[in-house]
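# Report on the structure
As a plain string of letters, each chain reads:
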There are 2 protein chains.
Amino acid sequence: MPGPLSDEQLATIDAYWRAANYLSVGQIYLRGNPLLEQPLTRADVKPRLLGHWGTTPGINFVYVHLNRLIVEHTLNMMYIIGPGHGGPGLVANAYLEGSYTEHYPAIERSRGGMERLFRQFSWPGGIPSHVSPETPGSIHEGGELGYSLAHAYGAAFDNPDLIVACIVGDGEAETGPLAASWHSNKFINPARDGAVLPILHLNGYKIANPTILARIGRDELTDLLRGYGHEPYFVEGDDPALLHQIMAQTLKLVLAEIRSIQAAARNGAAPPPRPRWPMIVLKTPKGWTGPKVVDGLPVEGTWRAHQVPLADFSKPEHLHQLEEWLQSYRPDELFDADGKIRDALAALAPTGHRRMSSNPHANGGMLLEPLSLPDFRDFAVTLDRPGAVEAEATRVLGQYLREVMRLNLDRQNFRLFGPDETASNRLDAMYDIADKAWMGEIDPVDEHLSATGRVMEVLSEHLCQGWLEGYLLTGRHGFFSCYEAFAHIVDSMLNQHAKWLKVSRNIPWRRPIASLNYLLTSHVWRQDHNGLSHQDPGFIDQVANKTAEVARVYLPPDANCLLSVAAHCLRSRDYVNLIVAGKQPEWQWLGIEEAVRHCTAGAGIWHWAGTGDDGPDVVMGCAGDVPTLETLAAVMLLREYVPDIRIRVVNVVDLMVLESRSEHPHGLDDRGFDALFGTDIPVIFAFHGFPAMIHKLTYRRTNHANIHVRGYKQEGTTTTPFDMVVLNDLDRFRLALDAIERIPRLADRIPAARDRYWATIERHKLYIAEHGEDMPDIQNWRWSA
Amino acid sequence: MPGPLSDEQLATIDAYWRAANYLSVGQIYLRGNPLLEQPLTRADVKPRLLGHWGTTPGINFVYVHLNRLIVEHTLNMMYIIGPGHGGPGLVANAYLEGSYTEHYPAIERSRGGMERLFRQFSWPGGIPSHVSPETPGSIHEGGELGYSLAHAYGAAFDNPDLIVACIVGDGEAETGPLAASWHSNKFINPARDGAVLPILHLNGYKIANPTILARIGRDELTDLLRGYGHEPYFVEGDDPALLHQIMAQTLKLVLAEIRSIQAAARNGAAPPPRPRWPMIVLKTPKGWTGPKVVDGLPVEGTWRAHQVPLADFSKPEHLHQLEEWLQSYRPDELFDADGKIRDALAALAPTGHRRMSSNPHANGGMLLEPLSLPDFRDFAVTLDRPGAVEAEATRVLGQYLREVMRLNLDRQNFRLFGPDETASNRLDAMYDIADKAWMGEIDPVDEHLSATGRVMEVLSEHLCQGWLEGYLLTGRHGFFSCYEAFAHIVDSMLNQHAKWLKVSRNIPWRRPIASLNYLLTSHVWRQDHNGLSHQDPGFIDQVANKTAEVARVYLPPDANCLLSVAAHCLRSRDYVNLIVAGKQPEWQWLGIEEAVRHCTAGAGIWHWAGTGDDGPDVVMGCAGDVPTLETLAAVMLLREYVPDIRIRVVNVVDLMVLESRSEHPHGLDDRGFDALFGTDIPVIFAFHGFPAMIHKLTYRRTNHANIHVRGYKQEGTTTTPFDMVVLNDLDRFRLALDAIERIPRLADRIPAARDRYWATIERHKLYIAEHGEDMPDIQNWRWSA
């Protein structure tokens, strides 16, 4: 077929592809005899065959063609591999490019190196079978599917010269997050951002089933992809020689189209219209070039090629088939006698940082510039005593974040992410300086939308998280605000990101990246509007289950503490920082310097709130803004009911101080913990989330048996703020009664306290049923020391 | 405009719509004066305005037209409302149809009833602002967005006469789960299943932003919907008279199309091809018929109409505007002097079970037929003593589930769900009796695919869960198998379903439905292939955080226990049952009768495994199949190392027995717990999941301070099965050492035990690095009593 590739180019490309395939099969199967210098024996084959062949040859095919394109056009390109099962392919390519050996010197480009390369794959103490942090050039873990395209867009934002080639598996394409991700192209600005080139890899099968997109026909698929805003280019077939030509030609067209879109946008004065971005549909057989038939059953082009097409080496014919398969790549043409890739082939790949396996964007810490941060003290709420003024904590934070944005505008390395909730979460001060990114039509009635916006709003927590992860992993900074309950939508994405960070921290060549910062607001205690469906504080548990190296949880009790915590999180690296704070007007407790000291310690005694810190009868502990309010109100009640007792108030900002030092680096040592919570006095602890979390964190502490926790116990509906705490036994009256019931010397006063408690709750119930709002003494409550 | 509606029909439809709108606005705003018999005063307006107007008039518009269609064609129709914020609209319609009063007699169709209807909405002790279990006719909670279409398909499966009208909000359409759900039409068989009629409601705005689908233009949107396999019919405008005609005409066409598709499929002999199902795109202004301008800013047709368009009643003009707005619906034409809807209007609605608010499918327990269950004992693994044979637990279960399917084939009320993992999870015996549902093209190489399949496989945990929820909520049964780690993808869906169950259980007219049964397999300890990304046992924590009324967690240690637990779960109602069990060949411990006794108790002493149950030196506790194996191996080691000690082995199947009885109905009373775990002896507890879970469950127990837990601590990679437990300190050698270290009288033997431990671990490391598989003594280990 006539095509853009000369015979020589075609031969080189095909040989390079065969080399990558050979090295991939070798990794999956071989522990010795890497160059097949002797006839293959069972001893050469690994005892446990763990890997995935099916998607790999297609990935290798794309890779070699991208290499050629990079060289020909001096591109700055990185990859995202959605079918992360193709791990051996990416490792093979990094090895062919030399960067694997640069990162792992023991894996030399020689016979011995190749043997180690093969052996380490899916070998205990070696490397995992998926694309992983260990894989040079990757920012995207293989395994859990669905996030490739969102990661790709996150990487492309604010990287105008970068092209992110993103292979989307047709299995992955069935997931929700991936299905939503196609619309990311409504948020990418060709004038300012890089380009994403989606390559939908239709190899037709998942683990055990055909894929939907492979079975809807080309017309319907074309409609779908055009409906997503793309222009699809089809590359389809199974004849390598033909496919090389078609792929080369298609990439040429696609690149020209990307360049043309970008040139139009960058040269124009007006904001660019939303373009129809090109994409590729690559339809090749699953397990292409692998065994066609095994034990009489078709394998190539079916789901049977998903993992290891040949598995039972007690059958001699399998060994024979494996040898034939490996030999079909003609390794002697590819590698010299020492096992080094032949120079003519090696020359096909780009060099230095143009190699996708060495692109610095894929090791984002290398490019990370610290944010220029304003002094958060400048945004502090001024108060001359605790409880003197009210403020909306997130609105105060919004003013700080606006200045963070302003100071870093020229660096273009900071974005705010939220699922249609930035204004609802009261961070809208941001719009003074940065609009919401929007490439769609803009109507006159719209506000704060523009193609150059830096606030990312889409009604998908998955997209917000995926974009942010991609943005962080390529060396930038971000902040994700979300309704507390709906953070669970991204539980699994959090898991995967936390795993990535945990592993990356121990890979010397991976440089630290900015932390993933969550602000959860519109929280469980103030869902007056939305009720039960919006009430769930369990994301704290989810983060706390992550490894202590990575997980941090903060519950600032007021606006100044929120400022201090947020500034700390923006400076931190390689963490998942969870901040939970309300958006409603609440009384403020700490001046800014006091807030800084308190947040730095992570927890502390609020001497101004207690009535006898030295030898208290009870410790009133609290974590979270609403629990803190209720605790302080309970202290006022106790001062009235039982003025003769001594109360210590302890507030916890950094939840992990409660855990033992042996379990978490933020954990207080036992002396420090005991100094706050005592060793033999009752502790009434009011907690923002599920009470069991506090027990889980403190069960090793001396005084644990005396810690009595109140928190969310799955009760709720659309109701008043105070009724929410009543429903969950977290209200001031209950906390005060808890204290009286647990102080031994008050035993005789318990009956009266209980009567008073029940009378109050009855009064509350009658009042809200009649008036639909909280009682005046609750609404008008103020702290008085 | 000429149209299908006569002038009289048009007038009635419009009046009915106005009545629903009036009642909706009344619910959001009014606490008194429901018929506006006096001029509106501030005292008539609720003090807290909590509700969502924006989407409501569009929902009411759809509803009245569906009512007309139901009556004209005697349809069996139910609704799913994606924009669940439209709660007041659905309540209003149920009230207009009379079913609200039937369910809640105090809400009469009279002035007083209307006042109570208005007042209860978003009122403490009243009803929540969203569509919720309290709403007659609903199976879909408003609030968290994304699951409407999946629920609709779940409801339609196996209900050939049912049409499920599903309103999809354009905000919701941006979510991942919804984006994936469109492809559900590849799984619905017009010959056997009902129809889903998606109505994409393009009102243009989310909380604070335009929606993507409203801004991509009609051509691109048409491509997209055709790409999803639908034929879209557009109903667009803001002139009610015109829109009523267009909607009536469109519904006529759409119904004819559905009928024609079904007739073709039901009359044909051959399996029907996949049809192009019709759908509607309804483009009307957000907050249609509400205030156009408030305080000089446009409201109708913008995001400002999302919640309460008029909110600040300190401004007299707002009160005036509210009155004008309410009067614009001309309530005196709609309701008689007593507040009862006029008969001519009421006659528009269907009656009895044809009313969508009274459709029995939406109260699935009414239709629930118990499964015919085979005796699970027939599938038991036979063993004459513990550890005598190996079996793959899930494969054994698969044979039982196959028979469950067979026995219920004629009822068509059982399906199996899994994200492309049924075979991988070794439940493929099912294919003997039921194929995988697949309406797409089928190639000769495909296996077990057919239009009449009852195994639902799609690579989306969201879709599996959403379909299953819809199927259960409409009174059928199902079973969801999933890789353990990826169950986190549906954490948030689990939350919402558990909330629904919790509330439903306390609504007298809601009848119990079949439990949501999860089988998590391919679990954390046996991800030899997939490594770290597939290793996460945290879904247990997620379920355990749900309310004790609903949450159940089972960790069967072997195949017979798995059978017993699964049969129990299939019989249960209104629970979320989580079962975690491995699929790999493992030694079997209990004969079937013993397994039944053990699972019924939930936990018990394994006398045959211990060496001194009566006065043990140590309790070796375990929960989960791999921890049980390691514990028994540790017991063998201890018998060798320290033969003079007395060991009690306690296995836990039902995790919640560990919790106090006061916290969970399955919790053992303290005497029962102490009888297993003692009060002052060391307990070494090997747990499948995160160790903190055991502490959280047992912290109130007398012996808690002596319970030492091993479990998953976020260590893992692609490695051997035994190396996984070594990495996490859950291996037999570690457990044995733990025991020795904690038995006081063995203090002098600790140094030798430690030396032995470290030597063993060193030997293990060397062996697997060299051989890539576990040491022979691990691979060949067998229990000997």
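Residues numbered from 1 in each chain as written. Chains lettered and ligands numbered in written order. Predicted model: local features only at pLDDT ≥ 70, side-chain atom pairs only at ≥ 80, totals over all residues. Heavy atoms only, no water.

The name given to chain A in an unreviewed UniProt entry is Probable phosphoketolase, with Sphingomonas qilianensis as the source organism. Regarding chain A, the UniProt comment filed under Cofactor (unreviewed entry) reads as follows: "thiamine diphosphate". Quoted straight from UniProt, the Sequence similarities (unreviewed entry) entry for chain A says "Belongs to the XFP family." (UniProt positions renumbered as here; feature names shortened; annotations may be inferred.)

For chain A, the helix and strand inventory stands at 25 helices and 22 strands. Relative to the compact-globule value of 28 Å for 785 residues, chain A shows a C-alpha radius of gyration of 30 Å, a close match. Considered along the principal axes of its C-alpha atoms, chain A spans approximately 95 × 65 × 45 Å. Residue pairs in contact within chain A that sit at least 24 positions apart in sequence constitute 78% of those at least 6 positions apart. Here chain A holds 74 positive side-chain charges and 96 negative ones, and the gap between their average locations is 3 Å. (Helix = DSSP H or I, 4+ residues; strand = E, 2+ residues; numbered from the N terminus. Rg over C-alpha atoms; globule rule 2.2 N^0.38 Å. Contact = heavy atoms within 4.5 Å. Lys, Arg positive; Asp, Glu negative; His and termini not counted. Charge placed at Lys NZ, Arg CZ, Asp CG, Glu CD.)

Let's shift gears to the relation of the copies chain B and chain A. For the pair chain B and chain A, the relating rotation is 180°, the translation along its axis is 0.0 Å, and the fit reaches an RMSD of 0.0 Å. With respect to symmetry, the two chain copies, as superposed, fit the operation of a two-fold axis. Relative to the rotation axis, the closest C-alpha in chain B is found at Gly176(B), a distance of 1.9 Å. When the interface residues of chain B are mapped onto chain A, 100% of them again fall at the interface, so both copies present the same face. (Least-squares fit on C-alpha atoms with pLDDT ≥ 70 in both.)

Let us now look at the domain arrangement of chain A. All names here are of chain A. Each assigned domain of chain A is listed with its residue range as follows: domain 1 (7-354), domain 2 (376-587) and domain 3 (604-779). Computed over C-alpha atoms, the centres of domain 1 and domain 2 are 35 Å apart. Each side of the interface is counted separately: domain 1 has 36 residues, and domain 2 has 32 residues. Across the domain 1/domain 2 interface, buried area totals approximately 2,800 Å², and carbon plus sulfur atoms make up 62% of it. Broken down residue by residue, the surface that domain 1 buries against domain 2 is led by Pro 133, Phe 187 and Arg 192, which jointly contribute 24%. (Domains from an automatic or database assignment. Buried area = accessible area lost by both parts, 1.4 Å probe.)

What follows deals with the sheet that holds strand β21 (residues 683-687) of chain A. Residues and elements named next belong to chain A. The five strands are arranged β18-β20-β19-β21-β22 in an open sheet whose pairing can be described as mixed. In this open sheet, the two edge strands, each paired with only one partner strand, are β18 (603-605) and β22 (707-710). Adjacent strand axes in the sheet meet at a mean angle of 20° when their direction is disregarded. Two elements, strand β19 (residues 618-623) and strand β20 (residues 647-652), share five bridges in a ladder whose sense is parallel. The residue of β20 that forms the bridge with Met 620 is Val 649. (Pairing = 2+ DSSP bridges. Axes fitted to C-alpha atoms, helices over the stretch in contact; angles between N-to-C directions.)

By size, the foremost hydrophobic cluster in this structure holds 366 residues, and its most contacted members are Tyr29(A), Phe685(A), Tyr29(B) and Phe685(B). Sequence-distant contacts of Phe685(B), that is, excluding residues within four places in its chain, are made with Gly621(B), Cys622(B), Ala623(B), Val652(B), Leu658(B), Phe677(B), Ile694(B), Ile707(B), His708(B), Val709(B) and Arg710(B). (Core = buried A, V, L, I, M, F, W, Y, C linked by side-chain atoms within 4.5 Å. Buried < 20%, exposed > 50% of the residue type's maximum accessible area, 1.4 Å probe, protein only.)

Residue and element names in this part refer to chain A. Inspection of the entire model under this criterion finds 61 aromatic pairs over all chains. Taken together, a centroid distance of 6.2 Å and an interplanar angle of 20° make the contact between Trp 589 and Trp 608 stacked. Residue Trp 589 is found in the loop between β17 (585-587) and α18 (592-601), and its partner Trp 608 is found in the loop between β18 and β19; the two are separated by 19 residues along the sequence. According to the relative accessible area criterion, Trp 589 is buried, its value standing at 2%. Feature note: the residues Tyr 29, Trp 53, Phe 313 and Trp 325 constitute an aromatic cluster, connected by ring pairs. Of note, Arg 552 hangs over the ring of Tyr 575, and the distance from its end group to the ring centre comes to 4.0 Å. (Phe/Tyr/Trp six-rings, centres within 6.5 Å; stacked < 30°, edge-to-face > 60°. Lys NZ or Arg CZ within 6 Å of the ring centre and 35° of its normal.)

Before going further, it helps to examine helix α1 (residues 7-29) of chain B. Given a rise of 1.5 Å per residue, 23 residues ought to cover 33 Å, and the 32 Å separating the end C-alpha atoms of α1(B) matches this to within 8%. Of all 23 residues in α1(B), 18 are buried, a share of seventy percent or more. (Expected span 1.5 Å × (residues − 1).)

Looking now at the environment of Trp509(B). Residue and element names in this part refer to chain B. Inspection of the secondary structure assignment puts Trp 509 in the loop between α15 (491-504) and β14 (516-521). For Trp 509 and Ala 180, which are 329 residues apart along the polypeptide, the C-alpha to C-alpha distance reads 33 Å. Beyond its immediate chain neighbours, meaning those up to four positions away, Trp 509 contacts His 103, Tyr 104, Pro 133, Glu 134, Thr 135, Pro 136 and Asn 363. For Trp 509, the side chain forms a polar contact with the side chain of Tyr 104, separated by 3.1 Å. (Polar contact = N/O pair within 3.5 Å; in protein donor to acceptor, adjacent residues only side chain to side chain.)

A word on the pairing of strand β5 (residues 277-283) of chain A. All names here are of chain A. Judged by how many residues are buried, β5 sits mostly within the fold: six of seven residues are covered. Where strand β3 (residues 195-201) meets β5, three bridges bridge the pair, whose relative direction is parallel. Each residue of the ladder has a partner; that of His 201, found in β5, is Leu 282. Looking at chain direction, strand β4 (residues 230-236) and β5 are connected through seven bridges and run parallel. Its bridge partner being in β5, Glu 236 is matched across the sheet by Lys 283.

This brings us to the sheet that holds strand β1 (residues 76-81) of chain A. In sheet architecture, strand pairing relies on hydrogen bonds along the backbone and comes in two forms, parallel and antiparallel. All names here are of chain A. Taken together, five strands build an open sheet; the order of strands is β1-β2-β3-β5-β4 and the sheet is parallel. Because the sheet does not close on itself, it has two edges, and the strands there are β1 and β4. For this sheet the average axis-to-axis angle between neighbouring strands, irrespective of direction, equals 20°. Relative to β3, strand β2 (residues 162-169) runs parallel, the two sharing seven bridges. Note that in β3 the partner of Ile 163 across the bridge is Ala 195. Strands in contact with helix α6 (residues 148-156) are β1, β2, β3 and β4; relative to β2, the strand with the most contacts, it is inclined by about 175°.

Further remarks concern the interface of chain B and chain A. Contact residues are listed per partner, giving 121 residues for chain B and 121 residues for chain A. A buried area of about 9,700 Å², summed over both sides, lies between chain B and chain A, and 54% of it is on carbon and sulfur atoms. Here Lys546(B) and Asp536(A) are joined by a salt bridge, their closest N and O atoms 3.4 Å apart. Connecting chain B to chain A are 67 residue pairs in polar contact (both at pLDDT 80 or more). Elements that contribute at least two residues to the side of chain B that touches chain A include exactly α7 (176-181), α8 (217-227), α15, α16 (539-544), α21 (692-698) and α24 (750-771) of chain B. Top element by residues in the side of chain B that touches chain A is α15(B). It accounts for seven residues. For the side of chain B that touches chain A, the residue count by class is 43 nonpolar, 43 polar and 35 charged. (Salt bridge = Lys/Arg side-chain N within 4 Å of Asp/Glu carboxyl O. Nonpolar A, V, L, I, M, F, W, Y, C, P; charged D, E, K, R; others polar.)

Let us now look at the packing of helix α17 (residues 559-571) of chain B against helix α18 (residues 592-601) of chain B. All names here are of chain B. At their nearest, the axes of α17 and α18 sit 8 Å apart, and the two run at 55° to each other. Between α17 and α18, the interaxial angle falls into the category oblique. Considering only the axes of α17 and α18, their crossing is right-handed. Residue-level inspection shows Asn 560, Cys 561, Leu 563, Ser 564 and Val 565 of α17 in contact with α18, the latter providing Ile 592, Ala 595, Val 596, His 598 and Cys 599. (Parallel < 35°, antiparallel > 145°, perpendicular 65-115°, else oblique. Left-handed = near helix turned anticlockwise from the far one by under 90°.)

Turning to the environment of Asp193(B), a few remarks are in order. All names here are of chain B. Along the chain, the position of Asp 193 falls in the loop between α7 and β3 (195-201). What makes Asp 193 buried here is its relative accessible area of 0%. Taking the C-alpha atoms as reference points, Asp 193 and Asn 159, separated by 34 residues in sequence, lie 5.2 Å from one another. Setting aside residues up to four positions removed in sequence, Asp 193 forms contacts with Ala 156, Phe 157, Asp 158, Asn 159, Pro 160, Phe 187, Ile 188, Gln 262, Arg 266 and Arg 415. A polar side-chain atom of Asp 193 sits 3.0 Å from a polar atom in the side chain of Arg 415.

Moving on to unusual backbone geometry. Even without being glycine, Arg426(A) reaches a positive phi, approximately 65°. The exposure class assigned to Arg426(A) is buried, which follows from its relative accessible area of 17%. Non-glycine residue His448(B) carries a positive phi angle of around 60°. Here His448(B) shows up in the loop between β10 (436-437) and β11 (449-450). On the accessibility criterion, His448(B) (35% relative accessible area) is partly exposed.

Residue and element names in this part refer to chain B. Position of Lys 46 among the secondary structure elements: in the loop between α1 and α2 (56-73). Buried and unpaired, Lys 46 has Glu 115 as its nearest opposite-charge partner, separated by 11 Å. The residues contacting Lys 46, other than those within four sequence positions of it, are Gln 27, Ile 28, Tyr 29, Leu 30, Arg 31, Phe 118, Arg 119, Phe 121 and Trp 123.

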